Amino acid sequence: MTQVRRLTLFDLPLDVITLEQTLGRLGSWMFEAPRTSHTVVTLNPEFIVQSRTEPEFVAAMQAADLVTADGVGIVYAARQLARAEVPRAPGFDIATGLMRQHGPNLRVYFLGAKPGVAEQAAQKAAQDYGIQVAGVHHGYFKQDGDREVAELVRDSQAHLLLTGMGAGRQEIFNQYWRQVLNTPVCIGCGGVIDVLAGTAQLAPDWTRKLGVEFVWRIASDRKRWGRAPKLAQFVAMVQAEKRAHGRP
C-alpha cells in the first residue's frame, strides 16, 4: 500500500490522498483478514472550529486511520498553512464510490439521521448499487445506548459503517467503540444518509466542481444560516495562524 503523506492543521491530522486512492485503501481494509476496525474522518472547517472547545472530538480525529479533505476550506487551509496541495475526498463521494465499486460484495450498516431515514437510504442504496444492507438504526439515541448499538453493528458483520450523527458525536462514537464495532471501515458521514434517502439535496455538480457547495447549502437552507459564522471564524483562524508563523 502506497505511503500517504500526513499534514497537521490546528493540531489535527490531514492526509494528502486523492478520492481514487482513498477508495483503493478503504477497499483493501474492508476485505482483509483478520477483520480490523479502522476509522475515517472527512475533515471540514466546521470540525476544526468545533474541535477547539471539544477535546474528546480532537482525540477522536487524532486517532483516525485516515483523514481526508472534505471541502474546499480544508484545501485552502492546507495551501495557506502547510504550502501543500491537498486533493478533496468528500464523504458522499467516498460512500457512494465504495458502494459503486463493490456492489453485492459489500455489506453496509446505515447508522444515523431521524427514525425511518436510514431505512430509506438503505433501500435506495440497495436498488442503486446492489449492496447488501447489513443493518439500519436511527441516530437519535442517548449515550447510554451506545454499547447496545455498537453491538448491533458488530453482530451485523458489516464491511462498512456509515455513521451520520453530526460532527463530533459520530467521530467520537466510531473511535470509542471501534473495538466493539469490529467493522473494517467506520466513516463519520454527516448528512450523507439523508442525501441517500432523498430527504436532503446534494449540492449541484457545478458547485462541487468549484468546491463552493458549502456556500450553496447555506444560501439555500435557512437551517444552515447559523453555520455561516463558523466559516468566517475558520478563515480568521487560518489568517491568524499565518501571521503567527510570519507567513505572507
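All figures in this text were calculated on a predicted structure; none of them were measured in a lab.

Some details on helix α7 (residues 146–156)
Listing the buried residues of α7 in full gives D146, V149, A150, V153 and S156. Burial along α7 is one-sided: seen end-on, the buried residues are contained in an arc of 120 degrees. Exposed and oriented more than 90 degrees from the buried face of α7 are E148 and D155. Following α7 by one or two positions, Q157 adopts a phi angle in the positive range, close to 60 degrees.

Re the sheet that holds strand β6 (residues 132–137)
Read from one edge to the other, the open sheet built from six strands follows the order β4-β3-β8-β7-β5-β6, with strand pairing classed as parallel. In this open sheet, the two strands that pair with only one neighbour each are β4 (66–69) and β6. When the angles between neighbouring strand axes are averaged without regard to direction, this sheet yields 20 degrees. In the packing of helix α1 (residues 19–31) onto the sheet, contacts are made with β3 (38–43), β4, β7 (160–164) and β8 (185–188), and the angle to β4 comes to roughly 155 degrees.

With respect to the nonpolar core
Formed by 35 residues in total, the largest nonpolar core has its most connected members in L26, M99, F110, L160 and I187. Looking at this core, the elements that each hand over two or more residues are α1, α5 (91–102), β5 (107–112), α6 (117–129), β7, β8 and α10 (192–197). In this structure, L160 is in contact with M30, L98, L106, R107, V108, Y109, T183, V185 and I187, ignoring residues within four places of it in sequence. Counting 27 residues, the second-largest nonpolar core is a separate cluster that includes V49, A64, I74 and A78.

Points about the pattern of salt bridges
If you walk through the whole model with that rule in mind, you get seven salt bridges. For R79, the salt bridge is made with E85, and the minimal N-O distance between the two is 2.9 Å. Residue class for R79 comes out partly exposed when judged on its relative accessible area of 41%.

Overview of the packing of aromatic side chains
For the coordinates displayed, the defined rule picks out four aromatic pairs. Relative to F173, the ring of F141 lies with its centre 6.2 Å away and its plane at 75 degrees, an arrangement referred to as edge-to-face. One end of the pair, F141, is in the loop between β6 and α7; the other, F173, is in helix α8 (residues 169–176), with 32 residues separating them in the sequence. Each member of the pair, F141 as well as F173, is classed as buried. A centroid spacing of 5.0 Å and a plane angle of 75 degrees characterise the contact between Y176 and W177, whose relative ring orientation is edge-to-face.

Considerations on the packing of α1 against α5
Contact geometry for α1 and α5: axes closest at 10 Å, N-to-C directions at 60 degrees. By the criterion of interaxial angle, the relationship of α1 to α5 is oblique. Remark: the crossing between α1 and α5 carries right-handed chirality. Residue-level inspection shows L19, T22, L23, L26, G27, M30 and F31 of α1 in contact with α5, the latter providing D93, I94, G97, L98, Q101 and H102.

Conventions and cut-offs
Throughout, a residue's number is its position along its own chain's written sequence, starting from 1. For a predicted model such as this one, the threshold for reporting local features is a pLDDT of at least 70, and the threshold for listing and counting side-chain atom pairs is 80 or more; totals across whole chains, interfaces and linings nevertheless cover every residue. To get the side-chain values, take all heavy atoms of the structure and skip hydrogens and water. In this scheme, a residue with accessible area under 20% of its type's maximum is buried, one over 50% is exposed, and one in between is partly exposed, where area comes from a 1.4 Å probe on protein chains only. Counting from the N terminus, the helices are DSSP H or I runs at least four residues long and the strands are E runs at least two residues long. Regarding the arc, it is the one traced by the directions from the helix axis to the C-beta atoms. Note on pairing: two strands pair once DSSP finds at least 2 bridges between them. Axes, fitted as lines to C-alpha atoms, cover a helix only where it is in contact. Angles between the N-to-C directions of the axes lie from 0 to 180 degrees. Between two residues, a contact is recorded if the distance between any of their heavy atoms is within 4.5 Å. Nonpolar cores are built from buried Ala, Val, Leu, Ile, Met, Phe, Trp, Tyr and Cys residues. Side-chain atoms within 4.5 Å join them into one set. The working definition used for a salt bridge is a side-chain nitrogen of Lys or Arg within 4 Å of a carboxyl oxygen of Asp or Glu. Pairing of aromatic rings covers Phe, Tyr and Trp, the last through its six-membered ring, and needs centres within 6.5 Å; plane angles under 30 degrees mean stacked, over 60 mean edge-to-face, and all others mean tilted. An angle below 35 degrees is read as roughly parallel, one above 145 as roughly antiparallel, one from 65 to 115 as roughly perpendicular, and any other as oblique. It is the rotation of the near helix from the far one that decides the hand of a crossing: anticlockwise by less than a right angle makes it left-handed, clockwise makes it right-handed.

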